[in-house]
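# Architecture and fold: a report
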Amino acid sequence: ISSCTNNILSEFGSRNSDEALLFDAQTAINAQQYDEAVNIITQRVSASGQVTTKARELLASAYAGQCGLNFIEYTTGLSEATSGSTFVLVSSPFVGIAVSPGSCLSALQTLDLIGSNTERTANQNAFAAVVGMVLMGSATRLYTDDNPVHGDGSEDALNASCGLTNAQVDNVILGYAYMAQNFAALSGQIGDSSSTTVSDSINICNAIAGGACSNTDPAQITDFMRDTMRDLMNTVEYGVGTADGSNPLL
């Protein structure tokens, strides 16, 4: 029957049109085939198609998936959490799971190509806040708890956070900054307990380092901010360590 020869993507003009390729990328993301989605968008979609908001949103989602984010599971976990420090909350979902913090950073930098947080939509900023949490959480688990492979929920060594390299702590700082910068967009979406815990952490960071806590530019990370983040990570109250963080000067 002749009708069976119709292209189901005829509305997109061609199976190789940008619209059809982005449809394929979305399908790959839905199937958790994140590498395939990234390849479609970066290698097959036209240069003009890659700079559209839709393409950048999909690419950010694919990179976040590569990083280890399952958005629904992650936000549900935050909504249901009733205890735990900020760093415990954001890193616990990655215990026993392979992670790629660099992919999370790629997701966030892709969102920045859409516009600043004052130019993006509330949904885009909420996604940025969550991916920021995932970046800081996946990096924290990987750098402080990777023995046995993929971690067991406890530090590999006492004061592990204090020994992070600059490159390692920079990933944590950037994730923290995207979370802090966009946290207001998550109002009412992650549960009262998690929201209060994260807000307290942001407040203590602001009291120590001010605007540096929301700086998302890697070139502007200072040694003072690195020391501040290592100290926060090493506390009981805010991090994954055992130090007393009751002194705001740490």
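Residues numbered from 1 in each chain as written. Predicted model: local features only at pLDDT ≥ 70, side-chain atom pairs only at ≥ 80, totals over all residues. Heavy atoms only, no water.

### Here we look at the overall build of the chain
Secondary structure summary: the chain contains eleven helices and zero strands in total. Secondary structure of the chain in N-to-C order comes out as α-α-α-α-α-α-α-α-α-α-α. For the chain, whose C-alpha radius of gyration is 20 Å, the value lies close to the compact-globule estimate of 18 Å for 250 residues. For the chain, the spread of C-alpha atoms along the principal axes amounts to about 75 × 40 × 35 Å. Out of the 250 residues in the chain, the part that is buried amounts to 46%. In the chain, of all internal contacts separated by at least 6 residues, the share reaching a separation of at least 24 is 70%. In the form shown here, the chain has an accessible surface area of approximately 11500 Å², with 50% of it arising from carbon and sulfur atoms. (Helix = DSSP H or I, 4+ residues; strand = E, 2+ residues; numbered from the N terminus. Rg over C-alpha atoms; globule rule 2.2 N^0.38 Å. Buried < 20%, exposed > 50% of the residue type's maximum accessible area, 1.4 Å probe, protein only. Contact = heavy atoms within 4.5 Å. Areas by Shrake-Rupley, 256 points an atom, 1.4 Å probe, with all protein chains shown as cover.)

### A closer look at unusual backbone geometry
Here the bond from Asn147 into Pro148 is cis, since omega is 0°, no more than 30 degrees from zero. Along the chain, the position of Pro148 falls in the loop between α8 (122-144) and α9 (166-182). With phi around 60°, Gln32 is a residue other than glycine that occupies positive phi space. Inspection of the secondary structure assignment puts Gln32 in the loop between α1 (18-30) and α2 (34-44).

### Some thoughts on the pattern of salt bridges
Pairing is possible between side chains of opposite charge, provided their charged atoms come close. Under the defined criterion, the tally for this structure stands at five salt bridges. Among the salt bridges present, the one from Arg120 reaches Asp112, with a minimum N-O distance of 3.1 Å. Among the residues examined, Arg120 registers a relative accessible area of 7% and is labelled buried. Across the pair Arg230 and Asp227 runs a salt bridge whose closest N-O atoms are separated by 3.3 Å. A residue pair is termed a helical-turn pair when its members lie 3 or 4 positions apart in one helix, as Arg230 and Asp227 do in helix α11 (residues 223-233) at three residues. Of the residues examined, Arg230 reaches a relative accessible area of 11% and is grouped as buried. (Salt bridge = Lys/Arg side-chain N within 4 Å of Asp/Glu carboxyl O.)

### Some points on the packing of aromatic side chains
Think of a pair of aromatic rings as described by two things: how far the centres are apart, and how the planes are tilted against each other in angle. Going through the model one piece at a time under the given rule, you end up with three aromatic pairs. Taken together, a centroid distance of 6.2 Å and an interplanar angle of 20° make the contact between Phe87 and Tyr176 stacked. Of the two residues, Phe87 is situated in helix α6 (residues 86-91) and Tyr176 in helix α9; the sequence distance between them amounts to 89 residues. Assessed through its relative accessible area of 0%, Phe87 is described here as buried. (Phe/Tyr/Trp six-rings, centres within 6.5 Å; stacked < 30°, edge-to-face > 60°.)

### Topic: the environment of Ala62
Residue position: Ala62 is located in helix α4 (residues 53-67). Measuring from C-alpha to C-alpha, the distance between Ala62 and Ala212 comes to 28 Å, with 150 residues separating the pair along the chain. Apart from the residues within four sequence positions on either side, Ala62 is in contact with Ile29, Tyr34, Ala37 and Val38.

### Looking at the state of the cysteines
Inspection of the entire model under this criterion finds two disulfides. Here Cys67 connects covalently by a disulfide to Cys104, the sulfurs 2.1 Å from one another. Classification of the bridge connecting Cys67 and Cys104 rests on its S-S torsion, roughly -95°, and on that basis the disulfide is left-handed. A residue pair is termed long-range when its members are at least 10 positions apart, and Cys67 in helix α4 and Cys104 in helix α7 (residues 101-114) qualify at 37 residues. When sorted by exposure, Cys67 lands in the same class as Cys104, which is buried. (Disulfide = S-S within 2.5 Å.)

### Examining the nonpolar core
Soluble, globular proteins show a tendency: their nonpolar side chains are buried together. By size, the foremost hydrophobic cluster in this structure holds 70 residues, and its most contacted members are Tyr74, Met133, Tyr176 and Met229. Once residues within four sequence positions are removed from consideration, Tyr176 is found in contact with Phe87, Gly132, Met136, Ser201, Ile202, Cys205, Cys213, Met229 and Leu232. (Core = buried A, V, L, I, M, F, W, Y, C linked by side-chain atoms within 4.5 Å.)

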